[in-house]
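# Analysis of the macromolecular model
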Amino acid sequence: MKHAVDKVQKMFCRFGRKLTISSENGDSDFQAFIQPLRYKNKMYLSSVHGELGFNTLTKFLLLCPGDVDLESVDGINVRLCLGDRDFSVDHCEKVCFGEQTLYFWAIIHQNEGAAENEN
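What comes next concerns the included structure.

Basis of the calculations
Residues numbered from 1 in each chain as written. Predicted model: local features only at pLDDT ≥ 70, side-chain atom pairs only at ≥ 80, totals over all residues. Heavy atoms only, no water. Salt bridge = Lys/Arg side-chain N within 4 Å of Asp/Glu carboxyl O. Helix = DSSP H or I, 4+ residues; strand = E, 2+ residues; numbered from the N terminus. Buried < 20%, exposed > 50% of the residue type's maximum accessible area, 1.4 Å probe, protein only. Pairing = 2+ DSSP bridges.

### Here's the deal with the pattern of salt bridges
All chains considered together, the criterion is met by 3 salt bridges. We note a salt bridge from Asp-90 to Lys-59, for which the minimum N-O separation is 2.6 Å. Taken together, the residues span a long stretch of sequence, with Asp-90 in strand E7 (residues 85–97) and Lys-59 in strand E5 (residues 59–65) at a distance of 31 residues. On the basis of relative accessible area, Asp-90 is assigned to the partly exposed category, the value being 35%. Given a relative accessible area of 29%, Lys-59 falls into the partly exposed group.

Here you go:
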């Protein structure tokens, strides 16, 4: 079981982008995958092109390692940073293998004022 967790962790370290969680307790860096959220009804087809791909600049999918506890992120005093862009967590869930948390997935949104930095 530990072997599966190690493989997932290595994947994040090798291919993920560097994000920072900033809170009252300080900053913590981690590697994660972030991409525009794609809707089944193709709402994003009239979107704009940005650094992270085609999107509406509102919602993103975040995948991060299981040791980054997004469940404790309340969205009020915590922010996720990718470079100079700030994000807040709308919803998150953990994915487990047995009793081990493999990774978290989250729906995040770019905070107001940060969207202008994209263009």
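### A short note on the pairing of strand E2 (residues 26–36)
For strand E1 (residues 17–23) and E2, the ladder comprises 7 bridges, and the chain directions are antiparallel. Looking at E2, one finds that Ser-23 is bridged to Gly-26. Count of turn residues in the E1/E2 antiparallel hairpin: 2 residues.

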